[in-house]
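This is what each chain is made of:
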Amino acid sequence: MGLLNYVARRVLFTIPLLIVISIFVFSLIHLAPGDPVSLLVNPRLGEEAREQKRKELGLDKPLPIQYLQFMKDLITGRLGKSYYAEKKISAMLAARLPNTLALTGLGLAFSYVIAIPAGVVAALNRGKFLDYASMSVALIGLAMPQFWLGLILMLVFSVHFDLLPVAGVGSFQHLILPSITLGAYGAALTARITRSSMLEVLHKDYIRTARAKGLRERIVCYKHALRNALIPIISLLGMRIGWLVGGAVMVEVVFTRPGIGRLMVNSIHRRDYLVVQIIILMLAISVILGNLLADILNSLTDPQIRYN
Amino acid sequence: MSFYRSLLKNRQIMIGGGIVAVLTAAAIFAPYIATHSYWQQNYMDALQPPSTAHFLGTDNYGRDIFSRVVYGARTSLLTAAGIAAVAGFVGVFLGTLGGYFGGWTDRFIQGLIDIAWTFPTLLLAIALVVILQPGQMSIIIAISAGWWAQYARVMRGEVYKTREEDYVEAAKAAGAGNVHILRKVILPNAVPSVIVLITTTMGRAIILEAMLSFLGIGVQPPTPSWGAILSNARDFISTAYWYITYPGIVLSVTVLGFNLLGDGLRDVLDPYLKNQ
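Keep in mind it's a predicted model, so treat the numbers as computed, not measured. (Residues numbered from 1 in each chain as written. Chains lettered and ligands numbered in written order. Predicted model: local features only at pLDDT ≥ 70, side-chain atom pairs only at ≥ 80, totals over all residues. Heavy atoms only, no water.)

A count of helical and extended segments in chain B gives 11 helices and zero strands. In sequence order, chain B lays out its α and β elements as α-α-α-α-α-α-α-α-α-α-α. Expressed as lengths along the three principal axes of its C-alpha atoms, the size of chain B is roughly 75 × 45 × 30 Å. Per-residue burial for chain B yields a buried fraction of 54% across its 276 residues. Contacts spanning at least 24 positions in sequence make up 72% of the contacts within chain B whose residues lie at least 6 apart. Of the roughly 12400 Å² of accessible surface on chain B, a fraction of 64% belongs to carbon and sulfur atoms. Charge separation in chain B, taken as the distance between the mean sites of 18 positive and 15 negative side-chain charges, equals 3 Å. (Helix = DSSP H or I, 4+ residues; strand = E, 2+ residues; numbered from the N terminus. Buried < 20%, exposed > 50% of the residue type's maximum accessible area, 1.4 Å probe, protein only. Contact = heavy atoms within 4.5 Å. Areas by Shrake-Rupley, 256 points an atom, 1.4 Å probe, with all protein chains shown as cover. Lys, Arg positive; Asp, Glu negative; His and termini not counted. Charge placed at Lys NZ, Arg CZ, Asp CG, Glu CD.)

Next comes the structure, spelled out in structure tokens:
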């Protein structure tokens, strides 16, 4: 009962959130400086041609109607044409989405694969060399801006040693440096959280009981302690989605990867606001739904959340 | 006394504080520290490696990178301080309001916090910069638009905690007004938490400014900024390693300094937060 109630409340809260954000993103194009039409029509053709174009794009209708039309088009998947590229936006997105998904997926996987063992090792060796070493690396990872880490990796592995491609997409090799770059910040953060969460769990009574029972240290650590220590790490997954999305934008620009984030940045520079709008909304919705999913998962593992 | 001693004994605070102090001094005294003008171009000297004449080498316009980095510190620290001021003011104000008055005011503010909290900072900032046009002021507003929520959340919690204390009840019973209680009793109690939050978020603020400037939608030339320097340096990555390396090291060390200082202050000011 409590769980269903929580899920229902959480979903109900998401709906107004989505509406507020969609209205905000929709107003972007109207608040942005400059008439979008004037960029599309040859300036020598005069006001009449601009009026024609405005009608064609539906920009002459009242704002609420335009908003509803915008949302209807979004939901039915008819995203229209890019003002700049004269291409269907849905086709532009479809061509780039796999690149972005591969990057974020591998980046997320990398951050966990590095962070959890590092955090566990640090906790088990508290105050010793391995603890200081891994936590110092984590501190540095938190201080380095992602885009600069990417540039340095590129300088060392692509330019200097010529081991990996500098930029672009096409093979698995193209994904290695971008995924490391994207995952590094999350890895640093997760390693720190894993360590403190492990330390906390290791002092709990049930760990002492397990040891007193004469269980081997390895079983105590990995079966009893780590499993419980992972709960706060999983619960931060929701927050991680926001960082991944923002990070993907930067990494795609650094490594000139044709993905959604780079398309957004390029569209800003071209004043192709319709594309900007759709991408921002898409990314925001995926973050919100990701958060929703993570919260529901958390409430499954930790019943306390439901009652707060 | 013991408070100051624990500050001095904390290694993180000493190292982080040292870095921050050096950077702040560089930002304030930039004209005296810079060895060259940050904008004067000299094509004869383009892309020179580090030397005694140019400590960190020169860029593709022959400008002295060291001098540009020193002036860039000004841009970075000013922007980050601006974000802390705007986000801090709005967040503390709304958080206090919600926490103290409760009821519908609190529910409304909590809704605003939730909205700001869910929207990824970088996306919101990009969207707002598109509307406001790139520039230092726009960045401050655009990042604060999402960040006030952190302050509001902390503040709301602090006010909740102290609202029920006996001395607040006593002040009320003695006839003190709401404004008086807030200003003299509740706000001073929350100062340590707000200071910790400012220092721990300073590093992220500097990174966000650098990110936006790197994307070309942040601080605009001719104002030197670390993000814009690195964005330009990217084009010369295979010919001028120093151009991409040294400004990035300065940027990372600055962020490291603020992070260390923030971690240290949190340990000293609030031992209970240590493991969070």
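What the rule picks out here adds up to 12 aromatic pairs over all chains. Seen in terms of ring centroids, B:Tyr100 and B:Phe101 are 5.1 Å apart; in terms of plane orientation they differ by 90°. Their pairing is edge-to-face. Considering the side-chain rings of B:Tyr241 and B:Trp242, the 5.4 Å spacing of their centres and the 85° angle between planes classify their relative orientation as edge-to-face. Members of the aromatic cluster, each reached through a chain of ring pairs, are A:Phe26, A:Tyr67 and A:Phe70. (Phe/Tyr/Trp six-rings, centres within 6.5 Å; stacked < 30°, edge-to-face > 60°.)

What follows concerns helix α10 (residues 237-254) of chain A. Between its first and last C-alpha atoms α10(A) spans 25 Å; for 18 residues at 1.5 Å apiece the expected length is 26 Å, and the two agree. Two residues or fewer after α10(A) comes A:Thr256, characterised by a positive phi angle close to 35°. (Expected span 1.5 Å × (residues − 1).)

Residue and element names in this part refer to chain A. At a minimum axis separation of 8 Å, helix α7 (residues 172-202) and helix α9 (residues 217-235) run at an interaxial angle of 125°. Taken together, the axes of α7 and α9 lie oblique to each other. As α7 runs across α9, the sense of the crossing is right-handed. In contact with Thr-190, Ile-193, Thr-194, Ser-197, Met-198, Val-201 and Leu-202 of α7, α9 contributes Cys-221, Ala-225, Leu-226, Asn-228, Ala-229, Pro-232 and Ile-233. Classifying every residue of the contact of α7 with α9 gives 10 nonpolar, four polar and no charged. (Axes fitted to C-alpha atoms, helices over the stretch in contact; angles between N-to-C directions. Parallel < 35°, antiparallel > 145°, perpendicular 65-115°, else oblique. Left-handed = near helix turned anticlockwise from the far one by under 90°. Nonpolar A, V, L, I, M, F, W, Y, C, P; charged D, E, K, R; others polar.)

Residues and elements named next belong to chain B. Note on placement: Thr-199 falls in helix α9 (residues 178-214). Residue classification places Thr-199 among the buried positions, given a relative accessible area of 9%. Setting aside anything within four residues of it in sequence, one finds Thr-199 in contact with Phe-258, Leu-261, Gly-262 and Leu-265.

Moving on: the nonpolar core. Generally speaking, nonpolar side chains in soluble globular proteins are found buried as a group. Among the nonpolar cores identified, the biggest contains 145 residues, and A:Phe147, A:Met264, B:Phe214 and B:Leu215 are the most heavily contacted of them. The greatest single-element share of this core, amounting to 17 residues, is contributed by α9(B). Discounting residues that sit within four places of it in the chain, A:Phe147 has contacts with A:Met250, A:Val254, B:Ala210, B:Met211, B:Phe214, B:Gly227, B:Leu230 and B:Leu251. Counting residues in hydrophobic clusters, the runner-up holds 15 residues, among them A:Tyr112, A:Ala123, A:Val201 and A:Ile207. (Core = buried A, V, L, I, M, F, W, Y, C linked by side-chain atoms within 4.5 Å.)

With omega at 10°, the peptide bond leading from B:Pro221 into B:Pro222 counts as cis. Positive phi values are uncommon outside glycine, yet A:Arg271 reaches one of about 55°. Structurally, A:Arg271 is set in the loop between α11 (260-269) and α12 (273-301). Judged by its relative accessible area of 32%, A:Arg271 is partly exposed. Despite not being glycine, B:Gln133 shows a phi value in the positive range, around 75°.

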